[in-house]
Amino acid sequence: MTTTPSDTLLRDVLTRTKTIACVGVSPNPVRPSNYVGRYLSRKGFRVIPVNPGHAGSVLFGETVVAGLAEIAGPVDMLDIFRRPEAVPPIVEEGLRRLPGLSCVWLQIGIVSPEAEAMCDAVGVTIIQDRCPKIEYQRLFGELRMGGFNTGIVSSRL
């Protein structure tokens, strides 16, 4: 998947996703990983925070785990807040350890051809250089409330 996924694909991913493993999440409320994770959890997604430096603490009503190996149960999306060079081993582990994984999502500014090749090889959707919070707000009508022209016509405000 390129960095220009269709709105149909984005909407489908965000509609079918129930559980998100958020790798690199920070407990600092001003960090993007924190407010993205908090937003998604408030929208009804189960967000499992993954950060070895904060394992055992609680974020978004979930205990922070040190790594993907500690996650029990299904994960639909792997949302990664790490530098591009750190992405391939995380994706490789996610594809190996999370059997129900259907999407790998790399945040704004993160693109990884290696991760893309791994996902393509096993038929897992990868979205790069995008933010699920921004895309959710854009596709489901919330950005319009802030005065943004989302390009999506609807009778809802």
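Structure: above.
Here's a quick rundown of the structure. (Residues numbered from 1 in each chain as written. Predicted model: local features only at pLDDT ≥ 70, side-chain atom pairs only at ≥ 80, totals over all residues. Heavy atoms only, no water.)

Here the focus is the sheet that holds strand β7 (residues 125–127). In any sheet, the strands associate via hydrogen bonds between backbone groups, in a parallel or an antiparallel arrangement. Taking strand neighbours across the sheet as the criterion, the five strands line up as β2-β1-β5-β6-β7 in an open arrangement whose pairing is parallel. Only two strands of the sheet have a single partner each, and these edge strands are β2 (46–50) and β7. Averaged over neighbouring strand pairs, the angle between their axes works out to 20° when direction is ignored. In terms of strand pairing, strand β1 (residues 19–23) meets strand β5 (residues 77–80) through four bridges, oriented parallel. Paired with A21 across the bridge in β5 is L78. Along the sheet face, helix α2 (residues 32–42) touches β1, β2 and β5 and points at about 155° away from the line of β2. (Pairing = 2+ DSSP bridges. Helix = DSSP H or I, 4+ residues; strand = E, 2+ residues; numbered from the N terminus. Axes fitted to C-alpha atoms, helices over the stretch in contact; angles between N-to-C directions. Contact = heavy atoms within 4.5 Å.)

All right, on to the packing of aromatic side chains then. Tallied over the full model, the rule gives three aromatic pairs. Ring geometry for Y39 versus Y136: centroids 6.1 Å apart, planes at 70°, classification edge-to-face. Of this pair, Y39 sits in helix α2 while Y136 is found in helix α5 (residues 132–139), placing the two residues 97 residues apart along the sequence. Accessibility expressed as a relative area gives 12% for Y39, which makes it buried. Each residue in the set Y39, F45, Y136 and F140 is aromatic and connected to the rest through ring pairs, giving one cluster. We note K133 situated over the ring of Y39; from NZ or CZ to the ring centre the distance is 5.2 Å. (Phe/Tyr/Trp six-rings, centres within 6.5 Å; stacked < 30°, edge-to-face > 60°. Buried < 20%, exposed > 50% of the residue type's maximum accessible area, 1.4 Å probe, protein only. Lys NZ or Arg CZ within 6 Å of the ring centre and 35° of its normal.)

Before going further, it helps to spend a moment on the pairing of β5. By the alternation rule, side chains of β5 split into M77 and D79 and L78 and I80, which are all buried. By the bridge criterion, four bridges tie β5 to strand β6 (residues 103–106) in an arrangement that is parallel. The residue of β6 that forms the bridge with I80 is L106.

Function cannot be read off these values alone, since they describe shape.
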